[in-house]
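# Summary of the model geometry
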Amino acid sequence: MGRKAKLKHLRKQQQANPTADTQNRPEVEADPTHFVDELKQQGYDLKGSDRCPEIPQKIVKPQL
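The shown structure was predicted, so the numbers you read here are calculated from the model rather than taken from an experiment. (Residues numbered from 1 in each chain as written. Predicted model: local features only at pLDDT ≥ 70, side-chain atom pairs only at ≥ 80, totals over all residues. Heavy atoms only, no water.)

### Structural notes on the overall build of the protein
Rule in force here: The helix count covers DSSP runs of H or I at least four residues long, the strand count covers runs of E at least two residues long, and both are numbered beginning at the N terminus. Only the protein chains shown count as cover for residues, with accessible areas throughout obtained via the Shrake-Rupley method and a probe of 1.4 Å.
Looking only at helices and strands, the protein features three helices and zero strands. When the accessible area of the protein is evaluated, it comes to approximately 7,300 Å², of which 53% is carbon and sulfur surface.

Set out below in structure tokens:
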């Protein structure tokens, strides 16, 4: 049996008989704003963040 056939066979087995590994996985956080709380814990402030710097309007010629 080749490598791809083995993988295919394993996938079919996992779909037919879910093991304890797949059943014991922690549930994914249902709150869509959970990442915001994580960023705040890391020290980021999303409301008071700096915007990108202003781009100068005049064109500066390089000095030779």
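### Some thoughts on the confidence of the model for the protein
In low-pLDDT regions, the fine details of the predicted coordinates are not to be read closely. Rules: Per-residue confidence from the predictor is given as pLDDT, running between 0 and 100.
Considering every residue of the protein, the mean pLDDT works out to 77; 75% of them sit at 70 or more. For the protein, helix H2 (residues 20–23) is the element with the lowest average pLDDT, namely 56, and helix H1 (residues 3–16) is the one with the highest, namely 90.

### What to know about H1
Where we set the bar: To estimate how far a helix should extend, the number of its residues minus one is multiplied by 1.5 Å. Working definition: with a 1.4 Å probe on protein chains only, accessible area under 20% of the residue-type maximum means buried, over 50% means exposed, and in between means partly exposed.
If you check H1, its first and last C-alpha atoms are 20 Å apart, about what 14 residues at 1.5 Å a residue would give, namely 20 Å. The buried fraction of H1 is low, at zero of 14 residues.

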